[in-house]
Amino acid sequence: MTSFASDNYAPVHPEVMEQISKINSGHMQAYGADSVTKDAIQLIKETLKDQNCEVNFVFNGTGANVTGLQTVMNSWNSVICASTAHINVDEGGAPERILGVKLLDVPTEDGKITPELIESQWVRMGDPHTSQPNVVSITQSTEMGTVYTPSEIKALSDVAHKNNSYLHLDGARISNAAASLGVSIADLTKNAGVDIFSFGGTKNGLMGAEAVVFFKPELAQKYPWIRKSSMQLASKHRYISAQFIALLSNDLWKRNAENANAMAKLLRSKIEKNSKIKITQETQSSAVFAILDPAHTVELQKKHNFYVWNDNTGEVRLMCSWDTTIKDVESFAADINSVCK
Ligand SMILES: Cc1ncc(COP(=O)(O)O)c(C=O)c1O
């Protein structure tokens, strides 16, 4: 089965399996005190061009976001984010349940917040009757497949910092954004003023590993206890860390992301001229968003996996992965064009 539902449907990249096999012998310290974890942390520091950042691994993206945010938030604080943000609509209310915080979700056209869209959120500061925003959270690439440029991120970190707040970046698909823009992951995070970064790996070919990175090491002081009490500390930790070694060696992150992005562009090019289809977003990373007649969607879903993104408008998300092939795209696009007419 090939699928355009989610990059989570894709298998683990063979180089990741090889790396896991390679470290699968003998006893090693548990809970991250092992040498594989040290090597993986060092690789992340080199990737981010920051020897002082604090790096910790977790199992999944929701865990990365929630535990990262927990380091700076009290229950009376709030997070400013796009209304489409994964933390807002796709984490089962985990930020609200675990952190007890309010999410100030801002509607956007394309999943991207801007300083102009969020500046009015810092109101009644110091008033105990209202929650106090202290984090701006952005997703890169966004849930709508768009990307923030480094200068757009810098503008958001400036506005956050001016308001005594932190900039958190959900980088579940950071590799897709970096590959799309032709910039480094450091340029989209550390160099753009991000404070807390969920470094995604699972969606880009790993089995299940994410890292939480703090660019201000003092923010990480309570993190060991936050991670453990949030059930995100792996005992056989080397198997989580090894995945990042594979991802950051031989540019695997880039190769995988470039393929997913290229396949999304190809898919778009093959369906965008169809007058029964309305493309709704720029295709800047690995997903194509389009409005289809719901009857056509039902027909296509008999053969292909993809998600309806918005039941009210009939918008669907067609997502490519590290392993999507030209043949997969061509056969999906041919079926789309034969059904949608
Ligand atoms: C943008 C974004 N952030 C975070 C996550 C969370 O990932 P997980 O399902 O591993 O908790 C996802 C998963 O779909 C995502 O798309």
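The rules behind the values
- Residues numbered from 1 in each chain as written.
- Predicted model: local features only at pLDDT ≥ 70, side-chain atom pairs only at ≥ 80, totals over all residues.
- Buried ≥ 20, exposed ≤ 12 C-beta atoms within 10 Å, placed from the backbone.
- Helix = DSSP H or I, 4+ residues; strand = E, 2+ residues; numbered from the N terminus.
- Pairing = 2+ DSSP bridges.
- Domains from an automatic or database assignment.
- Nonpolar A, V, L, I, M, F, W, Y, C, P; charged D, E, K, R; others polar.
- Expected span 1.5 Å × (residues − 1).
- Arc of directions from axis to C-beta.

Participant: Describe the pairing of strand β1 (residues 54–58), with residues and values.
Facilitator: Along β1, 4 of the 5 residues are buried, which leaves the element largely enclosed by surrounding structure. Sheet topology places β1 next to strand β7 (residues 210–214); 5 bridges connect them, and they run antiparallel. By the bridge assignment, Val 58 is partnered in β7 with Glu 210.

Participant: An account of the domain arrangement of the protein is requested, with residue identities and associated values reported.
Facilitator: Per the domain assignment, the segments making up the protein are domain 1 (12–248) and domain 2 (252–339). Of note, the centres of domain 1 and domain 2, computed from C-alpha atoms alone, are 27 Å apart. Where the side of domain 1 that touches domain 2 is concerned, the elements lending two or more residues are α8 (174–181) and α11 (238–248). The element that contributes the greatest number of residues to the side of domain 1 that touches domain 2 is α8, accounting for 5 residues. For the side of domain 1 that touches domain 2, the residue count by class is 7 nonpolar, 9 polar and 3 charged.

Participant: Would you mind going over helix α2 (residues 35–47) in detail, with residue names and values included?
Facilitator: The first and last C-alpha atoms of α2 sit 18 Å apart over 13 residues, in line with the 18 Å expected at 1.5 Å per residue. Within α2, the full set of buried residues consists of Val 36, Thr 37, Ala 40, Ile 41, Ile 44 and Thr 47. Buried residues of α2, seen end-on, are gathered within an arc of 135° and therefore sit on one face of the element. Turned more than 90 degrees from where α2 packs its buried face, Ser 35, Lys 38 and Glu 46 sit exposed.

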